[in-house]
Amino acid sequence: MKNFKFMSLIAAMVMLFSACEQNNTPTPGGGDNNGTTPSVELSTQSVDAGYEGGLFSVDYTIKNALGDMDILAVSDQKWVNSFEYKENKLYFTVNFNNSFESRTATIEVRYPSMPNPVLLTVNQTAATEASFTFEIKDITTMTCSYTVTPKDDTMTYITIFSEAEYMLNNNITTLQELFDDDYKYFVAAANANNMTVEEFLTAAKVAVKGKHEKSADDIGLLAPGDTFVAYAYGIEFTATGYKQTTPVQYQIIETKLPELQDVTIKVTPTVNIANVNFSFDPGTWKGNYNFEFYAETADIYIPEGEPVTEAFTRKIARNWMWQIFENMDAGGTPEEVVMTYCMQGKRKYNQDLTPDTNYIVVAYAVDTVEGFPQLVSTPTVTHFRTGKVSH
């Protein structure tokens, strides 16, 4: 019996090896055209697209089809998408190429029981040269202006100044996602105002022609130490909206920090489980200062031993100014924020916090710069941990 099993196993292995030898090279259609295995044949193995992108189609044929089942196409790149299958044509969209480099994607065309997918290569060219130039001017702690000049004065284009924080909060990580976000917003805004998209963008001076300047008054007050993006792209209006005609080009802008004073604010926390008494001593600083708490779960928290970086200082300066802006939006004044939050001289403060948690208390000097109370010292960061609640 053992010999019979052994000989049967050898025979099976020989048959399997022979079958593998006969089919070791997949057919272009991904299946076995000599048998009943389904296979797919495409009218071409590659598609060339310009940087403008667009809708493309490729003919396909299914051999040994399984009833009414159709193909499934999947791309390894997000910029090739929106697959449809109609009357033996594979349709797909190639997004606008917003980079100045060519790129390649691979589409896998799959079918049930077909051992190997059929591959379709999509090659997309890049825009050969920039369509806009930016000139950034008059950057202060709270203002800036810029001029955008198109290469073609007759081209209609959109130009926008935006907080980088908006893109982070909305998970906008590519220029295509930025364009899509703009388009969705503008179409909705136009509909809400009973206007066409062209009417809305023209009235709002978002869609313009020729050299265009965004003044400090156009942009409005900015937070110090904040990051912004000025960008532009060409468009052509359509019956329902517009289509993109040039890559998105952008310029990163950072507002300045005030000149920082040499101020150290000594903070002594005395912890009683979740209740903390703080003693503040600003040393020789005679002006206002402010403080903030951040738990270890906050994005802005820095672990003990890590230095206070310029990036951290910028975040604190921006957050302080945002408090002032929010108060102004509610009808208040910057002076009211200073009176509410700031202290002078040696002071004590008591606060209940979450137990058994690491915290930092961030203290910094505040003084008037460009007519607004701003952070004017590198923040002093003090670490402490609240106690556990006993049961």
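Note that this is a predicted model, so its numbers are computed, not measured.

Q: An account of the sheet that holds strand 17 (residues 266-272) is needed here, citing residue identities and associated values.
A: Reading across from one edge, 17-18-20 is the order of the 3 strands in this open sheet, with antiparallel pairing throughout. On the outer flanks of this sheet lie strand 17 and strand 20 (347-352), each paired with one strand and no other. Going from strand to strand, the sheet's axes swing by 20 degrees on average, the running direction of each strand aside. In this structure, strand 18 (residues 275-281) lies alongside strand 20, joined through 6 bridges in antiparallel fashion. Counted as the bridge partner of Asn277 is Asn350 from strand 20.

Q: A description of the pattern of salt bridges should follow, citing residues and the corresponding values.
A: Pairs may arise between side chains of opposite charge once their charged atoms sit close together. The full count for this structure, using the stated rule, is 11 salt bridges. Across the pair Lys63 and Glu41 runs a salt bridge whose closest N-O atoms are separated by 3.4 Å. Separated by 22 residues along the polypeptide, Lys63 in strand 3 (residues 54-63) and Glu41 in strand 1 (residues 39-42) bring together distant segments of the chain. Note on Lys63: relative accessible area 35%, which makes it partly exposed. Two residues, Glu84 and Lys86, come together in a salt bridge whose shortest N-O distance is 3.2 Å. Its relative accessible area of 39% is what places Glu84 among the partly exposed residues.

Q: Which residues make up helix 7 (residues 334-341), and what are the values?
A: Within the sequence span of helix 7, burial applies to Pro334, Val337 and Val338. All buried residues of helix 7 lie within an arc of 100 degrees about the axis, which places them on one face of the element. Seen from the open side of helix 7, the exposed residues pointing more than 90 degrees away from its buried face are Met339 and Thr340.

Q: Give me the pairing of strand 19 (residues 288-295): which residues, what numbers.
A: Extensive coverage of strand 19 is indicated by the burial of 6 of its 8 residues. Sheet analysis places strand 19 next to strand 21 (residues 358-369), joined by 8 bridges and oriented antiparallel. Within the sheet, the bridge partner assigned to Ala295 lies in strand 21 and is Tyr359.

Q: Could you give me a rundown of the pairing of strand 11 (residues 156-163), with the residues and numbers involved?
A: Burial analysis of strand 11 places 7 of its 8 residues in the buried class, the great majority of the element. Where strand 11 and strand 12 (residues 207-209) come together, 3 bridges link them in antiparallel fashion. Bridge pairing in strand 12 links Thr156 to Lys209. Sheet analysis places strand 11 next to strand 14 (residues 227-237), joined by 7 bridges and oriented antiparallel. Pairing of Ser162 across the sheet is with Val229, part of strand 14.

Q: Residue-level account of the environment of Asn275, with values.
A: Mapped onto the elements, Asn275 comes out in strand 18. Taking the C-alpha atoms as reference points, Asn275 and Ile360, separated by 85 residues in sequence, lie 15 Å from one another. Among residues more than four places away in sequence, those in contact with Asn275 are Thr270, Asn350, Gln351 and Asp352. One polar contact links Asn275 to Asp352, side chain to side chain, over a distance of 2.6 Å.

Analysis parameters
Residues numbered from 1 in each chain as written. Predicted model: local features only at pLDDT ≥ 70, side-chain atom pairs only at ≥ 80, totals over all residues. Heavy atoms only, no water. Pairing = 2+ DSSP bridges. Helix = DSSP H or I, 4+ residues; strand = E, 2+ residues; numbered from the N terminus. Axes fitted to C-alpha atoms, helices over the stretch in contact; angles between N-to-C directions. Salt bridge = Lys/Arg side-chain N within 4 Å of Asp/Glu carboxyl O. Buried < 20%, exposed > 50% of the residue type's maximum accessible area, 1.4 Å probe, protein only. Arc of directions from axis to C-beta. Contact = heavy atoms within 4.5 Å. Polar contact = N/O pair within 3.5 Å; in protein donor to acceptor, adjacent residues only side chain to side chain.

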